[in-house]
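Now for the letters of each chain:
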Amino acid sequence: MGREQIRSGKHVHFCVALLMLLAGCTGLINRNEIRDSMRHGRVLLAQGDYDGSAREYQRALRLARDRSPADVALFNLGLIYIDPENPKKDEQKAFRSFAQLVTAHPQSPWAAQAKIWMAVLDEIQRSRATIENSRQATEKLQAEIDRLNRMIEISKQEVEKSRQEVEKSKQVMEQSKQALEKANQVDIEIEQKKREQGR
């Protein structure tokens, strides 16, 4: 019976040793997969395959969890999302990647650069908001200028109409004056004829 206990103790030690060996192998395999994903991500990025590169870095991030090179994968993801050549450029995703790096890996050498990128993206967002506000203000001012120009045009038309009416009134007054002068001339002629007949 004592021998059976020794054998089962050896089996337990053997099983524990085997598990440790397998765990070590799994860790080694996992590290190799992470390294391969990181390398493949760099190659795809150099070829301009932004989607493929992002998938590889996300895979490396999942495999690494909170360990290095998760910080590098997050930084590279941020760069992919901010790259102006990327047709699916997404500044919000870039900001989230950099923010996750800073939060999860504050001691990483990439954290300082991620903070700089976050500040740049924040400034870009603020600048866009300022530009949009300026554009809206410009549109309002342009609408007001258009409204005032229409009012000026209406006023010009009214002034022209009034000028024409004044011109018509002048013509009517001139005609009336001429008619009055004619009537006065006729009255003078009649008066003269009466005087001549009365003599």
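Just so it is clear, the model here is predicted, and its values are computed rather than measured.

Re the overall build of the chain
Thinking step 1. Broken down by element type, the chain carries 5 helices and 0 strands.
Thinking step 2. Beginning at the N terminus, the succession of helices and strands in the chain can be written as α-α-α-α-α.
Thinking step 3. By residue count, 20% of the 199 residues in the chain fall in the buried class.
Thinking step 4. A separation threshold of at least 6 residues defines the contact pool for the chain, and within that pool the share at least 24 residues apart is 45%.

Some thoughts on the side chain of Ser108
Thinking step 1. Within the secondary structure, Ser108 is located in the loop between helix 4 (91-104) and helix 5 (109-198).
Thinking step 2. One polar contact links the side chain of Ser108 to the main-chain amide nitrogen of Trp110, over a distance of 3.0 Å.
Thinking step 3. The residues contacting Ser108, other than those within four sequence positions of it, are Asp71 and Leu101.

Quick word on the packing of helix 2 (residues 50-64) against helix 3 (residues 70-82)
How two helices sit against one another is set out by the angle between their axes and by the gap between those axes.
Thinking step 1. At a closest axis distance of 9 Å, the pairing of helix 2 and helix 3 adopts a crossing angle of 155°. Judged by the inter-axis angle, helix 2 sits roughly antiparallel to helix 3. Of the two possible hands of crossing, helix 2 and helix 3 adopt the one that is left-handed. Contacts from Tyr50, Ser53, Ala54, Tyr57, Gln58, Leu61 and Ala64 of helix 2 reach helix 3 at Ala70, Ala73, Leu74, Asn76, Leu77, Ile80 and Tyr81.
Thinking step 2. Of the residues contributing to the contact of helix 2 with helix 3, the split by class is 11 nonpolar, 3 polar and no charged.

Details of the packing of aromatic side chains
Thinking step 1. What the rule picks out here adds up to 3 aromatic pairs.
Thinking step 2. When the ring of Phe98 is compared with that of Trp117, the centres are 6.2 Å apart and the planes differ by 10°; the resulting orientation is stacked. Remark: Trp117 occurs in helix 5 and Phe98 occurs in helix 4; sequence separation between them is 19 residues.
Thinking step 3. The exposure class assigned to Trp117 is partly exposed, which follows from its relative accessible area of 29%.
Thinking step 4. A connected cluster of aromatic rings, assembled from ring pairs, spans Phe75, Phe98, Trp110 and Trp117.

Observations regarding the packing of helix 4 against helix 5
Thinking step 1. At their nearest, the axes of helix 4 and helix 5 sit 9 Å apart, and the two run at 145° to each other. Crossing of helix 4 over helix 5 shows left-handed handedness. The residues of helix 5 that touch helix 4, namely those facing Glu91, Ala94, Phe95, Phe98, Ala99, Leu101 and Val102, are Trp110, Ala111, Ala114, Lys115, Trp117, Met118, Leu121, Ile124 and Arg128.
Thinking step 2. Split by residue class, the contact of helix 4 with helix 5 holds 13 nonpolar, no polar and 3 charged.

Here's the deal with the nonpolar core
Thinking step 1. Counting 25 residues, the largest nonpolar core has Met38 and Phe98 as its most contacted members.
Thinking step 2. Secondary structure elements with two or more residues in this core: helix 1 (2-46), helix 2, helix 3, helix 4 and helix 5.
Thinking step 3. Among all residues touching Phe98, those that are not within four sequence positions of it are Phe75, Gly78, Leu79, Ala114, Trp117, Met118 and Leu121.

Conventions adopted
Residues numbered from 1 in each chain as written. Predicted model: local features only at pLDDT ≥ 70, side-chain atom pairs only at ≥ 80, totals over all residues. Heavy atoms only, no water. Helix = DSSP H or I, 4+ residues; strand = E, 2+ residues; numbered from the N terminus. Buried < 20%, exposed > 50% of the residue type's maximum accessible area, 1.4 Å probe, protein only. Contact = heavy atoms within 4.5 Å. Polar contact = N/O pair within 3.5 Å; in protein donor to acceptor, adjacent residues only side chain to side chain. Axes fitted to C-alpha atoms, helices over the stretch in contact; angles between N-to-C directions. Parallel < 35°, antiparallel > 145°, perpendicular 65-115°, else oblique. Left-handed = near helix turned anticlockwise from the far one by under 90°. Nonpolar A, V, L, I, M, F, W, Y, C, P; charged D, E, K, R; others polar. Phe/Tyr/Trp six-rings, centres within 6.5 Å; stacked < 30°, edge-to-face > 60°. Core = buried A, V, L, I, M, F, W, Y, C linked by side-chain atoms within 4.5 Å.

No statement about biological role is implied by the geometric values presented.
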